[in-house]
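Chain and residue survey
Next come the chains, spelled out residue by residue.
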Amino acid sequence: MAEVRQRGDAASALLRREARAARGRLGLPLGLGLAQVILGIAQAWLIAGLIAKLLGYGAAGWPALGAVAALALVSAGLGVAQERALMATGEAAKARLRAAAFERLLAQGAEDNRGVGERAALVVDRIEALEGFLTRWLPAAALAMAAPVLVAGAAFTVDATSGAILLVAALLVPVAMAVTGIGAAQASKRQFAALDMLSGRFLDRMRGLPTLVLFRRQEAEAQALGVAAEDLRQRTMRVLRVAFLSSASMEALAAGAIACLAIRHGAVLGQNHPDPAGAIFCLLLVPALFTPLRAFSQAYHERSAANGAAAELAPLLATEPPGGLVLEEMPRKLVVSFQDVRLTYDPTRPPALDGVSFRAVPGETVVLAGASGAGKSSILRLLMGFRRPDSGRISLNGQDATQLTPAELRRLSSYVGQRAHLFRATIRENIALARPDATPAEVESAATAARVTDFAKALPEGLETLVGEGGFGLSGGQAQRVAIARAFLRDTPLVLLDEPTAHLDPGTEAEVLDSLRRLCTGRTAIVASHSRAAQRLGRVLEIAAGRVAGPRMAGE
Ligand SMILES: Nc1ncnc2c1ncn2[C@@H]1O[C@H](COP(=O)(O)OP(=O)(O)OP(=O)(O)O)[C@@H](O)[C@H]1O
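Model, not experiment: these values are computed from the prediction.

About the cut-offs
Going along each chain's sequence as written, the residues are numbered from 1 onward. Per-residue local features of the predicted model are confined to residues with pLDDT of at least 70, and side-chain atom pairs are confined, for both listing and counting, to 80 or more; whole-chain, interface and lining totals are unaffected and use all residues. Excluding hydrogens and water, the side-chain figures rest on all heavy atoms present in the structure. Only DSSP runs of H or I covering at least 4 residues are called helices, and only runs of E covering at least 2 are called strands; the numbering of each starts at the N terminus. Here the globule rule reads 2.2 Å times residues to the power 0.38, and the radius of gyration is calculated from C-alpha atoms. Each residue is assigned to one of three classes by its accessible area relative to the maximum for its type, calculated with a 1.4 Å probe on protein chains only: buried under 20%, partly exposed between the two thresholds, exposed over 50%. Here, a salt bridge means any side-chain nitrogen of Lys or Arg that lies within 4 Å of a carboxyl oxygen of Asp or Glu. Each residue is tested against the molecule or strand, and it is near if at least one of its non-hydrogen atoms lies within 4 Å. In protein, a polar contact means a hydrogen-donor-capable atom and an acceptor-capable atom, both N or O and within 3.5 Å, with residues adjacent in sequence counting only if both atoms are side-chain atoms; elsewhere, any N or O pair within 3.5 Å suffices. All accessibility values rest on the Shrake-Rupley procedure with a 1.4 Å probe; residue burial counts only the protein chains present in the view. As a working rule, the residues Ala, Val, Leu, Ile, Met, Phe, Trp, Tyr, Cys and Pro are called nonpolar, Asp, Glu, Lys and Arg charged, and the rest polar, with Gly in that last group. UniProt positions are given in the numbering used here, feature names are shortened, and annotations may be inferred rather than shown by experiment. Domain boundaries shown here were taken from an automatic or database domain assignment. Here, two residues are considered to be in contact whenever any of their heavy atoms come within 4.5 Å of each other. A patch consists of residues exposed above 30% relative accessible area that lack any salt bridge, with like charges linked at up to 9 Å and nonpolar side chains (Val, Leu, Ile, Met, Phe, Trp, Tyr) linked at up to 5 Å. Only when DSSP finds a minimum of two bridges between them are two strands counted as paired. Axes here refer to lines fitted to C-alpha atoms; in helices the fit is confined to the stretch in contact. Angles between the N-to-C directions go from 0 to 180 degrees. Any angle from 65 to 115 degrees is called roughly perpendicular, while one under 35 is roughly parallel, one over 145 is roughly antiparallel, and all others are oblique. Take the far helix as the reference: if the near one is turned anticlockwise from it by less than a right angle, the crossing is left-handed, and if turned clockwise, right-handed. One less than the number of residues in a helix, times 1.5 Å, gives the span that helix is expected to have. Here the bend at each residue means the angle between axes fitted to two seven-residue stretches, the one ending at that residue and the one beginning there. Confidence of the predictor at the level of single residues is given by pLDDT, which spans 0 to 100. A pair of sulfur atoms, both from cysteines and within 2.5 Å, is called a disulfide here.

Moving on, we get to the overall build of the protein chain. The number of helices and strands found in the protein chain is 16 helices and twelve strands. Taken against the 2.2 N^0.38 rule, which gives 24 Å for 556 residues, the C-alpha radius of gyration of the protein chain at 34 Å runs more than 25% over that of a compact globule. Overall, the protein chain is about 115 × 55 × 55 Å in size when its C-alpha atoms are taken along their principal axes. When burial is assessed residue by residue, the protein chain has 45% of its 556 residues classed as buried.

What follows is the structure, encoded as structure tokens:
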């Protein structure tokens, strides 16, 4: 319960902060909205004169008709300008929020245990939902307060009772909305949760589609997706029901206001009203009063949706990007030392690292061997700054590594994992990703060093061949060589390799190891590997249950 309240508080705080940030940009659209209300009142005045003339009371003529048309044109122009100003405000806010959310997701990196679909939904859909709050709800709420005062004030100048009727109708709107909108925020939150479930599951199953087909699970999965989609439909209908209810209450109030005014001014049709044009004016003010109130009611739904989205975004945006020192210059050589390092992921389970000590000097390759789950990758994760040790000391050239920002720590190392991820881009662009400011010659020399050029020569467009999703398929060994080329291009003093030859046949493994040996030469290298062949890269440290079990000679 306390947690739910905390999430609600965090969501409100986020929305307040965003409202403050957007305030400066909302002045123009608000001013334009107010101008439209005033034009609406003027139009009602002119049209009232024209209708009175038709009923045989007044003297309004063609100039009044021309003025009504001109005001309608100006009002439409103002509407377009207002919409554009609101869109610009929304786009600026979304760009800022997306950059902040993305920065935090990147800082959490591999350690973020949210699914890919959920992370994508946070950055795309949730921030989209906040736009409605900033560009619909905030201006609509401000106009819903100012417009009734202007409209009722105009009615007062003609007839105090009509002014009072309009004012009371306007004051009843928030009451009706509060009654019909009870539970709207909760319904919205549930709708988002169902949407997350569905999109996360869909993405996950799409990625594993070949496996599902192989195991003939496609029917069962389609049914499970159907159930999740049905759940989303029901929750969406609940949200819509609330929205329909609140607009129905609005229409009832507008009808009530017209009815009261009609009773008050019914004599206008009996040809004995003291101010027929004024009476018609009061009746025509009802649309002018309810247009901004209707926008307010519709935006109420946007506010509920934004509340649901903010509750999910707030914890992410509240995480401070990790602080720390920044290196004055990149060291050419690096001595890595672990002293009694402990790391626990889950306090209910034994520690992943339980007092690990070792040292690796420049030019040396330390191979971490040991059974699956022994803690090899955890050592690499610490060196990449994705985790901080619970105790002990990790030093780089004698300096405490935990004092550096994680990003700075990552600047010192190049990493090659089990499977290189290739983006949909050319081979050249995929390599240059490691150092976008590299010259074409530098990229080519990295490609040569990693033997990418050997296979790229045979491809139709060489290094310019498009690879990755939907592009030319590379074999596992070729993709690993692209990853090694990235490491060559980065040219860092520390090289971290995590099972770099897993999934490769012995022949390809030998070729990849040959490139890796050259990559490690002259640098400090730490390699986690089960492979006997990879263990010949250097000094082997046996890791067992989070401890260094002892050194082994290469090839032992
Ligand atoms: N994010 C995590 N949350 C909880 N426990 C984790 C996490 N990552 C690893 N562990 C646990 O920590 C222990 C060490 O894991 P680690 O990945 O370092 O092993 P490893 O030796 O690299 O294994 P492998 O050779 O299979 O990759 C394992 O028991 C593992 O289950």
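From this point, the narrative continues.
The next thing to look at is the pattern of salt bridges. In this structure the tally under the stated criterion is 27 salt bridges. With a shortest N-O distance of 3.6 Å, Glu-442 and Arg-435 are connected by a salt bridge. Between Glu-511 and Arg-481 there is a salt bridge, and its shortest N-O distance comes to 2.7 Å. Of this pair, Glu-511 sits in helix H15 (residues 506-520) while Arg-481 sits in helix H14 (residues 476-490), and the two are 30 residues apart along the sequence. Three or more residues are tied together by salt bridges with common partners; here these are Glu-91, Lys-94, Arg-98, Glu-128 and Glu-131.

Turning our eyes to something else, we now look at the site of the ligand. Around the ligand sit 13 residues, and of these Ser-372, Gly-373, Lys-376, Ser-377 and Ser-378 come closest. Taking Ser-372, its side chain carries an N or O atom lying 2.5 Å from an oxygen atom of the ligand. Arg-381 has a polar side-chain atom sitting 3.2 Å from a nitrogen atom of the ligand. Here the ligand has 630 Å² of accessible area as a free molecule, and 67% of this is covered by the chains. Taken together, the residues of the shell around the ligand sort by class into four nonpolar, six polar and three charged.

Within this numbering scheme, the UniProt entry marks residues 26-48, 60-81, 137-158, 164-185, 242-264 and 276-296 as carrying the feature "transmembrane region" (unreviewed entry). The span residues 26-48 is 100% helical and 0% strand by assignment, and the distance between its end C-alpha atoms comes to 33 Å.

The next thing to look at is the domain arrangement of the protein chain. Once the domains are mapped, the protein chain shows domain 1 (19-316) and domain 2 (336-552). The C-alpha centroid of domain 2 is placed 53 Å from the C-alpha centroid of domain 1.

A few words on the environment of Leu-261. Among the structural elements, Leu-261 can be located in helix H7 (residues 218-265). Once the C-alpha coordinates of Leu-261 and Leu-283 are considered, the two residues, 22 residues apart in sequence, prove to be 6.3 Å apart. With sequence-adjacent residues up to four places away left out, Leu-261 is seen in contact with Ser-162, Ile-165, Leu-166, Cys-282, Leu-283 and Val-286.

In this section: the environment of Ile-38. Mapped onto the secondary structure, Ile-38 falls in helix H1 (residues 2-54). As for Ile-38 and Arg-451, which are separated by 413 residues in sequence, their C-alpha atoms are 73 Å apart.

Our next topic: a nonpolar patch on the surface. Among the surface-exposed residues, Val-168, Leu-172, Val-175 and Val-179 lie close enough to one another that they form a single nonpolar patch of about 340 Å² accessible area. Inspection of the secondary structure assignment puts Val-179 in helix H4 (residues 160-180). Relative accessible area serves as the criterion here: at 55%, Val-179 is assigned to the exposed category.

It is worth spelling out the sheet that holds strand S2 (residues 353-360) at this point. Here four strands make up an open sheet; going across it, the order is S2-S1-S4-S5 and the pairing antiparallel. Where the open sheet ends on each side, the last strands, each with one partner, are S2 and strand S5 (399-400). Examined bridge by bridge, strand S4 (residues 391-396) and S5 share two bridges and lie antiparallel to one another. Each residue of the ladder has a partner; that of Leu-396, found in S5, is Gln-399. Along the sheet, helix H9 (residues 376-383) makes contact with strand S1 (336-343), S2 and S4, crossing S1 at roughly 115°.

Here we take up the pairing of strand S3 (residues 365-369). Counted residue by residue, S3 has five buried out of five residues, so it is predominantly covered. Side chains Thr-365, Val-367 and Ala-369 project from S3 onto one buried face, and the interleaved Val-366 and Leu-368 project onto a second face that is buried too. Sheet topology places S3 next to strand S10 (residues 524-528); four bridges connect them, and they run parallel. The partner of Val-366 across the bridge, within S10, is Ile-526.

This next bit is on the packing of H4 against helix H8 (residues 276-318). Orientation of H4 relative to H8, taken along the N-to-C sense of each, is 15°, at an axis distance of 11 Å. With respect to H8, the element H4 is oriented roughly parallel. Here the hand of the crossing between H4 and H8 comes out right-handed. Taking contact as the criterion, the partners of Ser-162, Leu-166, Ala-169, Ala-170, Val-173 and Met-177 in H4 are, on H8, Cys-282, Leu-285, Val-286, Leu-289, Phe-290, Leu-293, Phe-296, Ser-297 and Tyr-300. When grouped by side-chain class, the residues that make up the contact of H4 with H8 number 13 nonpolar, two polar and no charged.

This brings us to helix H3 (residues 116-158). The end-to-end C-alpha separation of H3 is 62 Å, in line with the 63 Å expected for 43 residues at 1.5 Å each. Taken as a whole, H3 carries its principal kink of about 40° at Leu-122.

What follows concerns the confidence of the model for the protein chain. Here the protein chain shows a mean pLDDT of 85. Residues at 70 or above account for 92%. Of all secondary-structure elements in the protein chain, the lowest mean pLDDT belongs to strand S12 (residues 547-552), at 74, while S10 reaches the highest, 95.

Before going further, it helps to examine the state of the cysteines. With the rule as written, the count across this model stands at zero disulfides. Here Cys-260 stays unpaired: no disulfide links it, and the sulfur of Cys-282, its closest cysteine neighbor, is 13 Å away. When its relative accessible area of 0% is taken as the criterion, Cys-282 is described as buried.

This part takes up H14. If you check H14, its first and last C-alpha atoms are 21 Å apart, about what 15 residues at 1.5 Å a residue would give, namely 21 Å. Of all 15 residues that make up H14, twelve are buried, and the element is covered over most of its length. Looking at H14, one finds that the buried residues are Gly-477, Ala-479, Gln-480, Arg-481, Val-482, Ala-483, Ile-484, Ala-485, Arg-486, Ala-487, Phe-488 and Leu-489. The inward-facing, buried residues of H14 contact strand S6 (413-416), helix H11 (427-432), helix H12 (440-449), helix H13 (452-456) and H15.

Looking at the element boundaries, Thr-465 is found in the loop between H13 and strand S8 (466-467). Within the structure, Thr-465 has its side chain in polar contact with the backbone oxygen of Gly-462 (distance 2.6 Å).

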